[in-house]
Amino acid sequence: MAKATTIKEALTKFEESEHCKGNESKKVAMYGQIPPIEKMDASLSTLIQCEHLSLSTNTIEKIANLNGLKNLKILSLARNNIKSLTGLEAVGDTLEELWISYNFIEKLKGINVLKKLKVLLIRQNNVKDNVEFMKLADLPCMVELGFTGNPFGDALADQGQDHYTDTITKKLPKLKRLDGFTVIRDDEEED
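This structure is a prediction, so every number in the text was calculated from the model and none was measured.

Draft legend 1. Highlighting the layout of surface pockets. Within this model, the largest pocket holds a volume of roughly 160 Å³. Along the walls of the largest pocket sit Thr165, Asp166, Thr169, Lys170, Val183, Ile184, Arg185 and Asp186, which together make up its complete lining. Residue contributions to the lining of the largest pocket peak at four residues, all from helix α4 (residues 161-171). When its residues are assigned to classes, the lining of the largest pocket shows two nonpolar, two polar and four charged.

Printed below as a string of structure tokens:
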């Protein structure tokens, strides 16, 4: 089996393909590496100008080493093996969007450090506990959920799509997208 791609190696590939320096780039894409990236290592700290970092479609298990990314606004970690939202403290004052769909997250511990969060894409995770799920209602941001990976999905499945949609949108008043569709509320239709 091939050894994993390191952040340093992926960054070199990015710089060569984009003809730029990673430490000067506002957007750095290291998604879908072959072999995949398994670890967010200290090489990330060199991305001092980065505002949008994409590490999606790898096999990363843990959020780490974001200390040098003082300008980071968008972090894409979808389609990895992440189980926890801890490790975001270093970008708590700047991160506006967290794309974390298709992982293995069960608890939302760690999300509260993101003071400027506007968008949370968290479809297809393992948030099955109602208490954890309801923490999404307190977030001051747009949230996108999917039918699976939320505790109400299976419970409401037998009662039909309309009942499921109505229940979820009432419980999460700030929800903007559910199962890939924009949520339209009656009060928004009147505007």
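There is more to say, and it comes next.
Draft legend 2. The pattern of salt bridges, seen in detail. Under the criterion given, the structure shown has four salt bridges. For lysine 26, the salt bridge identified is with glutamate 51, shortest N-O distance 3.4 Å. With lysine 26 in the loop between α1 (7-18) and β1 (27-29) and glutamate 51 in the loop between β1 and β2 (52-54), this pair connects stretches of sequence that are 25 residues apart. On the basis of relative accessibility, which here comes to 26%, the residue glutamate 51 falls in the partly exposed class. Put simply, aspartate 93 and lysine 115 hold a salt bridge, and the shortest N to O gap is 3.1 Å. Here aspartate 93, found in the loop between β3 (74-76) and β4 (97-99), pairs with lysine 115, found in the loop between β4 and β5 (119-121); they are 22 residues apart in sequence, far enough to count as distant.

Draft legend 3. View of unusual backbone geometry. Note the cis peptide between isoleucine 34 and proline 35, where omega equals -10 degrees. Within the secondary structure layout, proline 35 lies in the loop between β1 and β2. Phi at threonine 57 takes a positive value of approximately 55 degrees, unusual for a residue other than glycine. Note that threonine 57 resides in the loop between β2 and β3. We note that asparagine 65 has phi near 60 degrees; this positive angle belongs to a residue other than glycine. Take asparagine 65: it is sitting in the loop between β2 and β3.

What counts, and at which threshold
- Residues numbered from 1 in each chain as written.
- Predicted model: local features only at pLDDT ≥ 70, side-chain atom pairs only at ≥ 80, totals over all residues.
- Heavy atoms only, no water.
- 1 Å grid on protein atoms, 1.4 Å probe; cavity = no way out; pocket = protein on both sides within 12 Å on 5 of 7 lines; lining within 4 Å.
- Points joined across faces, edges and corners; volume = space filled by probe spheres on them.
- Helix = DSSP H or I, 4+ residues; strand = E, 2+ residues; numbered from the N terminus.
- Nonpolar A, V, L, I, M, F, W, Y, C, P; charged D, E, K, R; others polar.
- Salt bridge = Lys/Arg side-chain N within 4 Å of Asp/Glu carboxyl O.
- Buried < 20%, exposed > 50% of the residue type's maximum accessible area, 1.4 Å probe, protein only.

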